[in-house]
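# Structural features, examined
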Amino acid sequence: MQHEITNSDQLLDKDGRLKQRGYARRPLLHYNPENVRALRLGPLNRLRLKEWDYYAVTTPQCFFSVTVANIGYIGLVFAYMIDFESLRIDHAQAVTPLGLGCTMPRSSENGDIRFRWPGVSIEMLRKVGRREIKVDWRRFKDNKPLHAELSIEQPEQFESIVMVTPIGERRFYYNQKINCMPTSGELTLGRERIEFQPDQALATLDWGRGVWEYSTFWNWASASGFLSKNTTIGLNLGSGFGDLSAATENCFFINGTMHKLGWVDIEYDNSNYMLPWRFTEADGRLDLTLKPFVDRGENLNLGLLATRTHQMFGRYEGFVIDEAGKKIKVKDLIGWAEEHKARW
């Protein structure tokens, strides 16, 4: 039995501990990071907070993502795009000391991010019913400039998966993931131009705030796409860290309505990530296979901080069963699944 949070409250009590744990459909708990001081995590107490906003836009032809993260020791800002036909991956990142320039809002529902660094300008703006993303990266790839202006619709009725997860005795992760937000706008990389239309382009937001163990592992799988012209489907599956006894983050969305799932087994071969990944839910309500076509492998080693990621993009096939018992076939749904290891 999973606990659904339905009452609004502060996230942390005066001792820096979670007041509730479980999942919600909207961000009902108010993030109050000043209470983390009471945890007394040592002289680097304030550096243990990890905060990020990760946006990803999927179309049948390509993928674009941009992230602003304050990891305490550093600020990490990056963007990447993948051409699904050529399988070309273009990527750039900026690193700032002690999170300089990466001021993160306390809420996913309001507050803006404005990052400025030499040659890089990123805005993530929250408006009524939508989000706006603006990226200007002077030398993104082979000295080519990247410019993007995106408008991401977030209808009021859209549900999301919000997780309040304890990590050990004194740490936590507070996270919201929103799938299938219709996106319009354009992106240029040098002379290349990509236009995003809301009947093809869908955005995902991964909003995360928390205090983590120094060594971390997780699996995360996600997709936002169309079952038909008027029906969207979003996937969010994951595990690997924290105490999930109160709830898992596993769910799927049909036209913005969440269908909650229990435990999902994730099977893959970490000696060959390009082999199919299998996802099966304990009660038989999900059976999906991801067949990867590209590995966005990434290794970042900055000494104190290091990450290793295999983010596998591919096509999901199989089925899900909604909360009314209806079986829904999934075919050719582009998405990703990843293995992430970090020291941070």
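The rules we used
Residues numbered from 1 in each chain as written. Predicted model: local features only at pLDDT ≥ 70, side-chain atom pairs only at ≥ 80, totals over all residues. Heavy atoms only, no water. Helix = DSSP H or I, 4+ residues; strand = E, 2+ residues; numbered from the N terminus. Rg over C-alpha atoms; globule rule 2.2 N^0.38 Å. Buried < 20%, exposed > 50% of the residue type's maximum accessible area, 1.4 Å probe, protein only. Contact = heavy atoms within 4.5 Å. Areas by Shrake-Rupley, 256 points an atom, 1.4 Å probe, with all protein chains shown as cover. Lys, Arg positive; Asp, Glu negative; His and termini not counted. Charge placed at Lys NZ, Arg CZ, Asp CG, Glu CD. Pairing = 2+ DSSP bridges. Axes fitted to C-alpha atoms, helices over the stretch in contact; angles between N-to-C directions. 1 Å grid on protein atoms, 1.4 Å probe; cavity = no way out; pocket = protein on both sides within 12 Å on 5 of 7 lines; lining within 4 Å. Points joined across faces, edges and corners; volume = space filled by probe spheres on them. Nonpolar A, V, L, I, M, F, W, Y, C, P; charged D, E, K, R; others polar. Salt bridge = Lys/Arg side-chain N within 4 Å of Asp/Glu carboxyl O. Phe/Tyr/Trp six-rings, centres within 6.5 Å; stacked < 30°, edge-to-face > 60°. Lys NZ or Arg CZ within 6 Å of the ring centre and 35° of its normal.

### Let's talk about the overall build of the protein chain
- Helices and strands together make up the secondary structure of the protein chain, namely 0 helices and 24 strands.
- Taking 344 residues into account, the globule formula puts the C-alpha radius of gyration at 20 Å, and the protein chain, at 19 Å, falls close to it.
- Each of the three principal axes of the protein chain carries a C-alpha extent, and together these read 50 × 50 × 45 Å.
- Across the 344 residues in the protein chain, those meeting the buried criterion constitute 58%.
- Put simply, of all contacts in the protein chain between residues at least 6 apart along the chain, 54% involve residues at least 24 apart.
- Of the accessible surface of the protein chain, which amounts to about 15,000 Å², a share of 47% is contributed by carbon and sulfur atoms.
- Side chains of the protein chain carry 44 positive and 43 negative charges; the gap between the two charge centres is 4 Å.

### Points about the sheet that holds strand 16 (residues 215-228)
- Read from one edge of the open sheet, 9 strands run 19-18-17-16-24-23-22-21-20, paired in antiparallel fashion. Because the sheet does not close on itself, it has two edges, and the strands there are strand 19 (257-260) and strand 20 (264-267). On average, each strand axis in the sheet is tilted by 20 degrees relative to the strand beside it, whichever way the strands run.

### Focus: empty space enclosed by the protein
- Applying the stated criterion across every chain, the model contains 3 cavities of 30 Å³ or more.
- What the largest cavity holds in volume is close to 480 Å³.
- If you go around the largest cavity, you meet 27 residues; those closest to its centre are W52, F78, W218, E338 and H340.
- Elements supplying a minimum of two residues to the lining of the largest cavity: strand 4 (49-58), strand 5 (62-70), strand 6 (74-83), strand 13 (171-189), strand 16, strand 22 (286-301), strand 23 (306-321) and strand 24 (327-343).
- In terms of residue class, the lining of the largest cavity is made up of 14 nonpolar, 7 polar and 6 charged.

### A closer look at unusual backbone geometry
- Residues other than glycine seldom take positive phi values, yet L98 does so here, at roughly 55 degrees.
- Tracing the backbone shows L98 in the loop between strand 7 (89-97) and strand 8 (113-117).
- Despite not being glycine, D332 has its phi angle at roughly 55 degrees, a positive value.
- In this structure, D332 sits in strand 24.

### Examining the pattern of salt bridges
- Taken as a whole, this structure holds 18 salt bridges when the rule is applied.
- A salt bridge links D112 to R114; the shortest N-O distance between them is 3.5 Å.
- On the accessibility criterion, R114 (49% relative accessible area) is partly exposed.
- Through salt bridges that share partners, E4, R25 and E159 make up one connected network.

### A look at the pairing of strand 6
- Of all 10 residues in strand 6, 9 are buried; the element is thus mostly enclosed.
- From the end of strand 5 to the start of strand 6, which pair antiparallel, there are 3 residues, and G72 there has a positive phi angle of about 90 degrees.
- Two strands pair when backbone bridges link them, and strand 6 and strand 7 are joined in this way by 9 bridges, in the antiparallel orientation. Pairing of M81 across the sheet is with D90, part of strand 7.

### Concerning the environment of G101
- Turning to its location among the elements, G101 is positioned in the loop between strand 7 and strand 8.
- For the pair formed by G101 and A69, sequence separation is 32 residues and the distance between their alpha carbons is 9.9 Å.
- Ignoring any residue separated from it by four or fewer positions in sequence, one finds G101 in contact with R114 and F115.

### Considering the packing of aromatic side chains
- All told, the structure shown has 27 aromatic pairs when counted by the stated rule.
- Taking 5.8 Å as the distance between ring centres and 25 degrees as the angle between the ring planes, the aromatic pair formed by W52 and W344 counts as stacked. In this pair, W52 sits in strand 4 while W344 sits in the segment after strand 24, placing the two residues 292 residues apart along the sequence. Neither residue differs from the other here; W52 and W344 are each classed as buried.
- On the basis of an interplanar angle of 5 degrees and a centroid distance of 4.0 Å, the ring pair of Y268 and W277 is categorised as stacked.
- Classification of Y268 as partly exposed rests on a relative accessible area of 21%.
- The class for W277 is buried, based on a relative accessible area of 1%.
- Here R296 stacks its cationic end above the ring of Y80, 3.8 Å away from the centre of that ring.

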